[in-house]
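These are the residues of each chain, in order.
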Amino acid sequence: MTGLRTLILLRHAKAAQVPGLADRDRPLTGRGERDAARAGEELRAAGLNPDAVLCSPALRTRRTAELAFPEAEISFERDIYEAYPEELLRVLQRVGPEAGTVVLCGHNPGVHELSLQLAGGDYGFRPGTFAVIGVEAAWADLWPGDGRLVTVWAPKDHEDPEGGLREGVSAG
């Protein structure tokens, strides 16, 4: 055991469907922009500031990470785009030991499946959702079952019926 580390798995926020536009180039919608910024606000309010942000190079994930973590240096990792959970795990296993809190911003189904493999649970992973997972293993040794689900937060769970935002983070 090397001490508690924090992994934040973040699915990109709501993206537009634009006929003729390549999947990698899909932008966030207006709602997606707001939800991405709100996810970052929720994480900062919980004292979760990343030491490393690993992000798919697709436009919608890049923009999600930029809005959620405006002060962070973001590393764009080709291996995150269209990745299976096993591939995402390999990306995380390359993180240096000095990083205590790591964000991986990617796509479904990969990020959701990785979250379930690491920490279990029964929850959805809609656009803009993040899962906070506590792990004791070193990043290089991270393996399915090594995590403990701390929190799952989804933007749609924090709206009132009139479309405004509700307060609070959903604990898992």
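So, here is what we can say about the structure in this document. (Residues numbered from 1 in each chain as written. Predicted model: local features only at pLDDT ≥ 70, side-chain atom pairs only at ≥ 80, totals over all residues. Heavy atoms only, no water.)

**Topic: the overall build of the chain**
- Counting secondary structure elements, the chain contains 4 helices and 6 strands.
- Going residue by residue from the N terminus, the α and β elements of the chain occur as β-α-β-α-β-α-β-α-β-β.
- Computed over its C-alpha atoms, the radius of gyration of the chain comes to 15 Å, within 12% of the 16 Å expected for a compact globule of 172 residues.
- The 172 residues of the chain split such that 48% are buried.
- Of the side chains in the chain, 19 bear a positive and 26 a negative charge, and the two mean positions are spaced by 4 Å. (Helix = DSSP H or I, 4+ residues; strand = E, 2+ residues; numbered from the N terminus. Rg over C-alpha atoms; globule rule 2.2 N^0.38 Å. Buried < 20%, exposed > 50% of the residue type's maximum accessible area, 1.4 Å probe, protein only. Lys, Arg positive; Asp, Glu negative; His and termini not counted. Charge placed at Lys NZ, Arg CZ, Asp CG, Glu CD.)

**Notes on the environment of alanine 39**
- Along the polypeptide, alanine 39 turns up in helix H1 (residues 30-45).
- Overall, alanine 39 belongs to the buried group, its relative accessible area being 1%.
- Along the sequence, alanine 39 and glycine 128 sit 89 residues apart, while their C-alpha atoms lie 7.0 Å from each other.
- In this structure alanine 39 touches Leu10, Gly128, Phe130 and Trp153, once residues within four positions along its chain are discounted. (Contact = heavy atoms within 4.5 Å.)

**Some details on helix H2 (residues 59-68)**
- When H2 is considered as a whole, its buried residues turn out to be Arg60, Thr61, Thr64, Ala65, Leu67 and Ala68. All buried residues of H2 lie within an arc of 165° about the axis, which places them on one face of the element.
- Those residues of H2 hidden inside the fold are in contact with strand S1 (5-11), H1, strand S2 (52-55), strand S3 (74-76) and strand S4 (101-106). (Arc of directions from axis to C-beta.)

**Some remarks on the packing of aromatic side chains**
- According to the stated counting rule, one finds 2 aromatic pairs in the structure shown.
- Ring geometry for tyrosine 123 against phenylalanine 125: centres 6.3 Å apart, planes inclined by 45°, an arrangement best described as tilted.
- For tyrosine 123, a relative accessible area of 14% corresponds to the buried category.
- Classification of phenylalanine 125 by relative accessible area gives buried; the value is 4%.
- Aromatic side chains phenylalanine 130 and tryptophan 153 sit 5.3 Å apart centroid to centroid with 20° between the ring planes, which places their arrangement in the stacked category. (Phe/Tyr/Trp six-rings, centres within 6.5 Å; stacked < 30°, edge-to-face > 60°.)

**Focus on the pairing of S2**
- Along S2, one buried face is formed by Ala52 and Leu54 and the opposite face, lined by Val53 and Cys55, is buried too.
- Relative to S4, S2 runs parallel, the two being bridged by 4 bridges. Across the sheet, residue leucine 54 finds its bridge partner in S4, namely leucine 104.
- Bridge analysis of S2 against S3 gives 3 bridges, and the strand direction is parallel. In the sheet register, cysteine 55 faces S3, and the bridge partner there is phenylalanine 76. (Pairing = 2+ DSSP bridges.)

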